[in-house]
Amino acid sequence: MTQSTINSNSVLIGIDTHKDTHAAVAINDLGARFGDCIVPATPAGYQQLLEWAKTFGEIAAFGVEGTGSYGKGLSQFLRRQGLKVIEVSRPCRRGQQRLQGKDDLLDAEDAARQVLAGQATAIPKSDEGAVEMIRILKAARDTAVKAQTQVMVSLKAMIVTADAVLWAELEPLSTPQLIKACQHLEVGTLDPPMATMRYALAAMAKRWTQLHKEIEAHTQHLIKLTQAAAPELVQAFGIGTDTAAEMLLTFGENADRVQSEAAFAKMCGVCPIPASSGKTQRHRLNRGGNRQANAALFRVVIVRMRWHEPTKTYVARRTAQGLSKREIIRCLKRYVAREIYHLIRKSRSTKKT
């Protein structure tokens, strides 16, 4: 641990978080470096870091990298102490490593300077409330869906190598019929190989069924949580449980994180990006932001373009104006993001009253 003799009334602490240790650097409001330290990523280490930071004077803010992963415990601890925590993005590595090298303290100093320069202003998501429960359940459901898909792909691939009689029996079946037929395959000894094939198919079909039941249970819990958290949102046209859950996760529990609908659109990656030059005046698709939220908005737009009459009218009008389908979808995604923002804000204001 090092410390300089520079004094200031305003201190910024930048923190680079890791699984086992956290590195911290203190700077003043003029950018002068006060000192640094490395503490273990434990409650005792969090307290040690806080006591060290207080030795420099009044703490303006903590800039923490990875507030949703390795820095989550530290962010919770600091916020419980009534301290301001700013979420810091990972710095650009390409130029930084070449010019000044790479280590944990340099990353921590960069985090502090991002806060000082105003480049980092995001408030970390709160982990208390219904949104955090939705995040946990959705993570469990997503992993189960992925595993179920892998089981089905492997099962169908295995059927291709089965004997001609078994292949002819199973290949034409739909997914529910295939699962049921595989579960009822007679399994005795594992010799010859085709007997082993029947055993493996039956085992995989039973695993698929177990995962299906798990997914259904998670889905029912998610339906209840999303309806309680944002009832107006789940009633909107084309917005189902998955989309509502993804939007709530992007928005966060603490509504003060998102100051405007434009900020929410940028978080979802649907704000238009200028792509003009000379006589050409246009905007292009945004490839940044939360790509899961962006994909959820895309699904809503596709549903509305097929079944929602006002949207179909809009598409026809914009097509007549010369816009491509991609440009129309971009505009619609921005519109849906605006609608979702106000629906979530309405739900939050209703709860407060």
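Structural data are supplied above this passage.
Residues numbered from 1 in each chain as written. Predicted model: local features only at pLDDT ≥ 70, side-chain atom pairs only at ≥ 80, totals over all residues. Heavy atoms only, no water.

Visitor: Help me understand a positive patch on the surface in this model?
Guide: Taken together, the side chains of Arg282, Arg284, Arg287, Arg291 and Arg326 define a basic patch exposed on the protein surface. Along the chain, Arg284 turns up in strand E8 (residues 283-284). (Patch = residues over 30% accessible without salt bridge, like charges linked within 9 Å, V, L, I, M, F, W, Y side chains within 5 Å. Areas by Shrake-Rupley, 256 points an atom, 1.4 Å probe, with all protein chains shown as cover. Salt bridge = Lys/Arg side-chain N within 4 Å of Asp/Glu carboxyl O. Lys, Arg positive; Asp, Glu negative; His and termini not counted. Charge placed at Lys NZ, Arg CZ, Asp CG, Glu CD. Helix = DSSP H or I, 4+ residues; strand = E, 2+ residues; numbered from the N terminus.)

Visitor: I keep staring at the packing of helix H12 (residues 291-307) against helix H13 (residues 309-320) and nothing clicks. Help me out?
Guide: In helix packing, the relevant descriptors are the interaxial angle and the interaxial distance, both defined with respect to the helix axes. Direction vectors running N to C along H12 and H13 enclose 90 degrees, while the axes themselves pass 6 Å from each other. With respect to their mutual orientation, H12 and H13 come out roughly perpendicular. Only Glu309, Thr311, Lys312 and Val315 of H13 make contact with H12, whose side of the interface consists of Arg304, Met305, Arg306 and Trp307. Residues that form the contact of H12 with H13 fall into these classes: three nonpolar, one polar and four charged. (Axes fitted to C-alpha atoms, helices over the stretch in contact; angles between N-to-C directions. Parallel < 35°, antiparallel > 145°, perpendicular 65-115°, else oblique. Contact = heavy atoms within 4.5 Å. Nonpolar A, V, L, I, M, F, W, Y, C, P; charged D, E, K, R; others polar.)

Visitor: I tried to follow the pairing of strand E5 (residues 59-65) on my own but got confused; where do I start?
Guide: Here is the key point about a regular strand: its side chains alternate between the two faces of the sheet. When you tally the buried positions in E5, you get six out of seven residues, the bulk of the element. Two strands pair when backbone bridges link them, and strand E2 (residues 11-17) and E5 are joined in this way by six bridges, in the parallel orientation. Counterpart to Asp16 in the pairing with E5 is Glu65. Sheet topology places E5 next to strand E6 (residues 85-88); four bridges connect them, and they run parallel. Across the sheet, Gly63 pairs through a bridge with Ile86, a residue of E6. With respect to chirality, the unit in which E5 leads through helix H2 (residues 72-80) into the neighbouring parallel E6 is right-handed. (Buried < 20%, exposed > 50% of the residue type's maximum accessible area, 1.4 Å probe, protein only. Pairing = 2+ DSSP bridges. Right-handed = clockwise from strand over helix to strand, strands pointing away.)

Visitor: I'm lost on the nonpolar core in this one. Help?
Guide: If you look at soluble globular proteins, the nonpolar side chains tend to sit buried side by side. Core analysis: the largest hydrophobic core is formed by 38 residues, its most contacted members being Ile134, Leu233, Met247, Phe264, Leu297 and Ile340. Where this core is concerned, the elements lending two or more residues are helix H5 (130-160), helix H8 (193-229), helix H10 (241-251), helix H11 (261-267), H12 and helix H14 (325-352). For this core, the element with the most residues is H14, which contributes nine residues. Among all residues touching Leu297, those that are not within four sequence positions of it are Met247, Cys268, Val270, Lys333, Val336, Ala337 and Ile340. (Core = buried A, V, L, I, M, F, W, Y, C linked by side-chain atoms within 4.5 Å.)

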